[in-house]
Amino acid sequence: MKKITKTNAARLLDRAKIKYELVPYEVDESDLGAQHLADTLGEDVNRVFKTLVLHGDKTGHFVCVVPGNAEVDLKKAAKVSGNKKADLIHMKDLLATTGYIRGGCSPVGMKKPFPTYFHSTCTDFDFIYVSAGMRGLQLKINPADLVRFVGATVCDLIAE
């Protein structure tokens, strides 16, 4: 059994005494999608949340955490974040903005705290999965604990 390296996100949760589990998985560089991840973990894709970074025309950067099989509704995201318009940031800007890469972007421990919004279905579960801050490692965590820790707002964010 390979030793699991703790990520910065995990260390921050430890410091806050928040319970979580680090869940390693085999990375497929050709398929970083949530459905593949859910299948690998043997979990419902609705429990596997992806972390997206957006830029609003008024407030700047903010974070949306949505179910892996859903698309963020840019109009809804803009409205809840106090913007008229919002777009996903370019992939090339992700590392510089957050300290994370695609497939390993966690809502915990970004370079600086951004306003964060979780899609309301996160509260349907006793635990969800989010990236632990690197490809190949997920945090299995109680969504209420995670929302409270990152100071997030729970709201409707996905396209119907």
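Definitions and cut-offs
Residues numbered from 1 in each chain as written. Predicted model: local features only at pLDDT ≥ 70, side-chain atom pairs only at ≥ 80, totals over all residues. Heavy atoms only, no water. Phe/Tyr/Trp six-rings, centres within 6.5 Å; stacked < 30°, edge-to-face > 60°. Helix = DSSP H or I, 4+ residues; strand = E, 2+ residues; numbered from the N terminus. Buried < 20%, exposed > 50% of the residue type's maximum accessible area, 1.4 Å probe, protein only. Lys NZ or Arg CZ within 6 Å of the ring centre and 35° of its normal. Salt bridge = Lys/Arg side-chain N within 4 Å of Asp/Glu carboxyl O. Pairing = 2+ DSSP bridges. Axes fitted to C-alpha atoms, helices over the stretch in contact; angles between N-to-C directions. Disulfide = S-S within 2.5 Å.

1. Some words on the packing of aromatic side chains
Thinking step 1. What the rule picks out here adds up to two aromatic pairs.
Thinking step 2. Aromatic pair Phe 62 and Tyr 117: ring centres 5.9 Å apart, planes at 85°, arrangement edge-to-face. Note that Phe 62 is positioned in strand β3 (residues 60-67) and Tyr 117 in strand β5 (residues 116-119), a separation of 55 residues in sequence. The exposure classification of Phe 62 matches that of Tyr 117, with both residues buried.
Thinking step 3. The positively charged end of Arg 47 is found above the aromatic ring belonging to Phe 127, 3.9 Å away from the centroid.
Thinking step 4. For the cation-ring pair, Lys 140 lies above Phe 127, with the distance from its terminal atom to the ring centre recorded as 4.2 Å.

2. With respect to the pattern of salt bridges
Charged atoms that come close allow side chains of opposite charge to pair.
Thinking step 1. Under the criterion given, the structure shown has seven salt bridges.
Thinking step 2. Two residues, Lys 6 and Asp 14, come together in a salt bridge whose shortest N-O distance is 2.5 Å.
Thinking step 3. Its relative accessible area of 38% is what places Lys 6 among the partly exposed residues.
Thinking step 4. For Asp 14, a relative accessible area of 33% puts it in the partly exposed group.
Thinking step 5. Through salt bridges with shared partners, a single ionic network connects Glu 43, Arg 47 and Asp 126.

3. Looking at the sheet that holds β5
Thinking step 1. Ordered by their spatial adjacency, five strands build an open sheet running β4-β2-β3-β5-β8, and the pairing between neighbours is mixed. Each having just a single partner strand, β4 (86-88) and β8 (153-155) make up the two edges of the open sheet. Direction aside, neighbouring strands of the sheet carry axes that sit 35° apart on average.
Thinking step 2. Where β5 lies against β8, three bridges are found, and the strand directions are parallel. In the strand pairing of β8, His 119 is matched with Cys 155.

4. Topic: the pairing of strand β7 (residues 137-141)
Thinking step 1. When you tally the buried positions in β7, you get four out of five residues, the bulk of the element.
Thinking step 2. Inspection of the sheet shows strand β1 (residues 20-24) paired to β7 by five bridges, in the antiparallel sense. The residue bridging Val 23 from the neighbouring strand is Gln 138, located in β7.
Thinking step 3. As defined by bridge partners, strand β6 (residues 128-134) adjoins β7 across five bridges and the pair is classed as antiparallel. Residue pairing in the sheet places Val 130 in a bridge with Leu 139 of β7.
Thinking step 4. Hairpin connection of β6 to β7: two residues between the antiparallel strands, including Gly 136 at a positive phi of 95°.

5. Looking at unusual backbone geometry
Thinking step 1. The backbone of Lys 17 sits at a positive phi, close to 60°, despite the residue not being glycine.
Thinking step 2. With respect to the element layout, Lys 17 can be found in the loop between α1 (8-15) and β1.

6. Notes on the pairing of strand β2 (residues 49-56)
Thinking step 1. Within β2, six of the eight residues are buried, which leaves the element mostly enclosed by the surrounding structure.
Thinking step 2. As judged from the eight bridges shared by β2 and β3, these two strands associate in the antiparallel manner. What sits directly across from Thr 51, in β3, is Val 65.
Thinking step 3. Once β2 ends, the chain turns through three residues before running back antiparallel as β3.

7. With respect to the state of the cysteines
Thinking step 1. Counted according to the given criterion, the structure contains zero disulfides.
Thinking step 2. With no disulfide partner, Cys 64 has as its closest neighbouring cysteine sulfur the one in Cys 155, 7.1 Å distant.
Thinking step 3. For Cys 64, a relative accessible area of 0% gives the class buried.
Thinking step 4. Taking the relative accessible area as the measure of exposure, Cys 155 reaches 12% and is therefore buried.

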